Amino acid sequence: MASIRLEQVSKAYGKLPPVVRDVSLHIGDNEFCVFVGPSGCGKSTLLRMVAGLESITRGELRIGDKVMNDVSPAQRGVAMVFQSYALFPHMSVFENMAFGLRLSKCAASEIDRRVRSAAQILQLEPLLDRMPKALSGGQRQRVAIGRAIVREPDVFLFDEPLSNLDAALRVQTRFEIARLHRDFGRASAIYVTHDQVEAMTLADRIVLLNTGAAVARDGSVAQCGTPLELYHQPRNRFVAAFIGSPRMNFAPARLLQCDAELATLQMRSGERVQARVDARSQPAGSELTLGIRPEDVEVGGGDPALGRDVLWQERLGEATYLYLDAAGCGDPWVAKAPGHFSASPGHRVALRLPAERVHVFDAADVALPRTVQPEGLPTMMAAASA
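Residues numbered from 1 in each chain as written. Predicted model: local features only at pLDDT ≥ 70, side-chain atom pairs only at ≥ 80, totals over all residues. Heavy atoms only, no water.

Engineer: Can you lay out a nonpolar patch on the surface for me, pointing to particular residues and giving the numbers?
Structural biologist: A cluster of nonpolar residues, Tyr13, Leu16 and Val19, forms a patch on the protein surface that exposes about 260 Å² of accessible area. Along the chain, Val19 turns up in the loop between strand E1 (4-11) and strand E2 (20-27). (Patch = residues over 30% accessible without salt bridge, like charges linked within 9 Å, V, L, I, M, F, W, Y side chains within 5 Å. Areas by Shrake-Rupley, 256 points an atom, 1.4 Å probe, with all protein chains shown as cover. Salt bridge = Lys/Arg side-chain N within 4 Å of Asp/Glu carboxyl O. Helix = DSSP H or I, 4+ residues; strand = E, 2+ residues; numbered from the N terminus.)

Engineer: Requested: an account of the packing of helix H2 (residues 93-103) against helix H3 (residues 108-121), with residues and values cited.
Structural biologist: Interhelical geometry of H2 versus H3 gives an angle of 135° and a closest axis separation of 10 Å. Classified by the interaxial angle, the pair formed by H2 and H3 is oblique. For the pair H2 and H3, the sense of crossing is right-handed. Residue-level contacts link Phe94, Met97, Ala98, Leu101 and Arg102 of H2 to Ile111, Asp112, Arg114, Val115, Arg116, Ala118 and Ala119 of H3. Partitioning the contact of H2 with H3 into residue classes produces eight nonpolar, no polar and four charged. (Axes fitted to C-alpha atoms, helices over the stretch in contact; angles between N-to-C directions. Parallel < 35°, antiparallel > 145°, perpendicular 65-115°, else oblique. Left-handed = near helix turned anticlockwise from the far one by under 90°. Contact = heavy atoms within 4.5 Å. Nonpolar A, V, L, I, M, F, W, Y, C, P; charged D, E, K, R; others polar.)

Engineer: Before we move on, could you go through the packing of aromatic side chains and cite the residues and values that matter?
Structural biologist: Taken as a whole, this structure holds seven aromatic pairs when the rule is applied. Summarising the aromatic geometry, the rings of Phe32 and Tyr191 are spaced 5.9 Å apart at their centres and angled 40° between planes, so their arrangement reads as tilted. Placement of Phe32 in strand E3 (residues 32-36) and of Tyr191 in strand E8 (residues 188-193) is noted, with a sequence separation of 159 residues between them. Each member of the pair, Phe32 as well as Tyr191, carries the same accessibility label: buried. Seen from their ring centres, Phe238 and Phe242 are 6.4 Å apart, and the 25° between their planes marks the pair as stacked. With Phe238 and Phe242 both in helix H8 (residues 237-242) and four residues apart, this pair spans about one turn of that helix. On the basis of relative accessibility, which here comes to 22%, the residue Phe238 falls in the partly exposed class. Here Phe242 falls in the buried class, since its relative accessible area comes to 16%. Linked through ring pairs, Phe32, Phe156, Phe158 and Tyr191 together constitute an aromatic cluster. Arg237 extends its terminal NZ or CZ atom over the ring of Phe250, reaching a point 4.4 Å from the ring centre. Taking NZ or CZ as reference, Arg293 lies 4.3 Å from the ring centre of Tyr231, over its face. (Phe/Tyr/Trp six-rings, centres within 6.5 Å; stacked < 30°, edge-to-face > 60°. Buried < 20%, exposed > 50% of the residue type's maximum accessible area, 1.4 Å probe, protein only. Lys NZ or Arg CZ within 6 Å of the ring centre and 35° of its normal.)

Engineer: I'd love a proper account of the sheet that holds strand E20 (residues 359-361), names of residues and values included.
Structural biologist: Taken together, the five strands give an open sheet; going across it, the order is E13-E12-E11-E14-E20, and neighbouring strands pair in antiparallel fashion. In this open sheet, the two strands that pair with only one neighbour each are strand E13 (272-275) and E20. Shown here is a sheet whose adjacent strand axes are inclined to one another by a mean of 45°, direction ignored. By the bridge criterion, five bridges tie strand E11 (residues 249-258) to strand E12 (residues 263-267) in an arrangement that is antiparallel. (Pairing = 2+ DSSP bridges.)

Engineer: Describe in detail the pattern of salt bridges, supporting the description with residues and values.
Structural biologist: By the definition in use, this model includes 17 salt bridges. The residue Glu7 makes a salt bridge to Arg5 at a minimum N-O spacing of 3.8 Å. Here Arg5 falls in the partly exposed class, since its relative accessible area comes to 35%. Across the pair Arg58 and Asp22 runs a salt bridge, and its minimum N-O distance is 2.9 Å. Residue Arg58 is found in strand E4 (residues 58-63), and its partner Asp22 is found in strand E2; the two are separated by 36 residues along the sequence. On the basis of relative accessible area, Asp22 is assigned to the partly exposed category, the value being 35%. Salt bridges linked by common partners bring Glu110, Arg113, Arg114 and Glu152 together as one network.

Written out as structure tokens, the structure is:
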């Protein structure tokens, strides 16, 4: 087993701004850590720096107790699974899985043992004599994973391994990767994806990287924590918007009054909304942003209620997503209703925003600390200091 530690790691190409900026992380033994973020945020570059395929411009990388900055990829004890499978088309499944072991002069009997053991785990035994062209996309990806397993590495690295698979295969292969990590029980793993569903379902811990207009933050860590910490306790508006599908609803609002437990805000459309946040750091009249997830919006009566017109509905069977006019408060809102609910475009529905589910962000888009937390999670202030 080997932990991974990055200290102020950065990567820049020539005189261009860094694509990875001052990343400090500790990934523990047997931990499954997922790097996630929009395209161009530097997550694959960061993974390739761990693998040794990209040099480190500044900072230090350790695997176990050894500094790895100048160690060759073959000597790092890592195995990488690529997005493109990278299988040799002229070799059988067995030969593809055994290739790396043969290069390292492993004994033939040991190669056979490791390949057949990995094939059994991955349910590839009937396919060992087949060529890659005779395999489905999911089978090819399992062969690529098997090639990594047979090396018995201390660290597994996955670079968007499911992006070439269809939706059903992604779900199946995601389950297989999670099961493999659980059953292997000794190797740390870093997994790169832009798909937040993969991140939420696979990760012990998520590292969300920044990108966007704020160039000074590009390639830095926006937030690091468990999936539920990022979902329930986003540190800022960027995290809140990225985690969750459909994304969080936002609306500008003005602070009317607050105490240590509750804040009252007025939306531009005139309605008043209460939020269980500590807004005492903000003077009365401050311009803030409130946010609430579609699944937290209550569709139906009750006070306080907001009335909104339906623009469109998506009926998915188990749920109906309503796209609503935001009444001049930004982008259209989305509300999740029960699957039997139906509302035609132009129909007006009443919404209720539970105070304990409303997030509030200040003028710098930083989340105000919530005074009511989901059970079992640390406070917002504790999460922000992690």
